[in-house]
Amino acid sequence: MTDAKDRFSQSPESYLDSHHIVPYLNHALASLYSVKDSDPKLHPFRYLSDYFARVSAGNHVVHQDYSYISFNPHNRASFIKLFWRVFRSIGNHGDLLTAKEYHALMQLLCPDFPFTIVQSAARIILMDDAISDCLMAFQDFLYAFQVQFCYNEFLNACRELYLSLSSEKGLNNGNTTPRLEGVESSIFLDGITDLIANNSYHHPSIRVIHRVLGKSLKASFYTYLLGVANSDTINASIGVLPKKSQCLDSDASAKSNKSDS
């Protein structure tokens, strides 16, 4: 969130861009236009006030299309929270689901949600191409999905970087799937640091990435992803899920509901 000093130093255009006000306003006006004829008593200013209150609370993404729920970090985090709150009972019951089944649940909330992101999240857990019939616990999938969805573009760039480093070492031999042998952690970290410096990706804390890759001289891509997915620091920075050990607790869900009210 922008602090007061930064906010008042920004130009009006920069402030609107940094908070994604124009896309939200366009969406709100389109929604208003679609319902105003069916409700002649609808008050436009009250409608817009309620809309932005829902945005602020993160209660605005259910049954929206993918282009809307993915266009900024707040919407992505709000969708993750929605998925957790709606389907938490799956974890409480101990049910194990496949990637395709988790994708079917996603589509109940967002009909055009892409399978590729669910598949990438599943690979963080399974580290394998043959995942269509593999079963995953709700908690494991939830936290892998959280980092994959929040940082999808950044993690895809990291994947391409890893493949490039693997090819230089002769590990991949043209294969487009990251291998498990690993590359030198320091070189991989330097490349990730350059990605962050030279692009505008939404990315996890570089300090956490340093800690994840600093644990050994070599790191596989999936070891890196799993370290990011299991980081309490990254989970807290996203700010919508409790700690993994608490995600099935009824108290955690109750606190989440209270914070939205």
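Computed from a predicted structure; not experimentally measured. (Residues numbered from 1 in each chain as written. Predicted model: local features only at pLDDT ≥ 70, side-chain atom pairs only at ≥ 80, totals over all residues. Heavy atoms only, no water.)

A.B. asks: Tell me what's going on with the pattern of salt bridges, and back it up with residues and numbers.
C.D. replies: With the rule as written, the count across this model stands at 4 salt bridges. Residue Glu 160 pairs with Arg 159 through a salt bridge whose shortest N-O separation is 3.4 Å. (Salt bridge = Lys/Arg side-chain N within 4 Å of Asp/Glu carboxyl O.)

A.B. asks: Describe unusual backbone geometry, listing the residues and the values that go with them.
C.D. replies: Both trends apply: most residues other than glycine have a negative phi, and most peptide bonds are in trans. The residue His 63 is not glycine, and still its phi comes out positive at about 60°. Relative to the assigned elements, His 63 resides in the loop between helix 4 (44–57) and helix 5 (66–69). (Helix = DSSP H or I, 4+ residues; strand = E, 2+ residues; numbered from the N terminus.)

A.B. asks: Describe in detail the side chain of His 103, supporting the description with residues and values.
C.D. replies: Along the chain, the position of His 103 falls in helix 7 (residues 99–109). Reaching out from His 103, the side chain makes a polar contact with the backbone oxygen of Phe 113 at a distance of 2.7 Å. With residues near it in sequence (within four places) discarded, His 103 still touches Phe 113, Pro 114, Phe 115 and Val 118. (Polar contact = N/O pair within 3.5 Å; in protein donor to acceptor, adjacent residues only side chain to side chain. Contact = heavy atoms within 4.5 Å.)

A.B. asks: Just give me the short version of the packing of helix 6 (residues 73–92) against helix 9 (residues 138–150), but keep the residues and values in it.
C.D. replies: Interaxial distance between helix 6 and helix 9 falls to 11 Å at its minimum, and their mutual angle equals 170°. As judged from the angle between their axes, helix 6 and helix 9 are roughly antiparallel. Taking contact as the criterion, the partners of Arg 76, Phe 79, Ile 80, Phe 83, Trp 84, Phe 87, Arg 88, Ile 90 and Gly 91 in helix 6 are, on helix 9, Phe 138, Gln 139, Phe 141, Leu 142, Phe 145, Gln 146, Phe 149 and Cys 150. A breakdown of the residues in the contact of helix 6 with helix 9 according to their chemical character gives 12 nonpolar, 3 polar and 2 charged. (Axes fitted to C-alpha atoms, helices over the stretch in contact; angles between N-to-C directions. Parallel < 35°, antiparallel > 145°, perpendicular 65-115°, else oblique. Nonpolar A, V, L, I, M, F, W, Y, C, P; charged D, E, K, R; others polar.)

A.B. asks: Tell me what's going on with the nonpolar core, and back it up with residues and numbers.
C.D. replies: Counting residues in hydrophobic clusters, the biggest one holds 73 residues, and the most contacted among them are Phe 79, Phe 83, Phe 113, Phe 145, Phe 188, Ile 192 and Tyr 224. Top contributing element to this core by residue count: helix 9, with 9 residues. When residues no more than four places from it in sequence are discounted, the contact partners of Phe 188 are Cys 158, Leu 161, Tyr 162, Leu 165, Val 183, Leu 213, Phe 221 and Tyr 224. (Core = buried A, V, L, I, M, F, W, Y, C linked by side-chain atoms within 4.5 Å. Buried < 20%, exposed > 50% of the residue type's maximum accessible area, 1.4 Å probe, protein only.)

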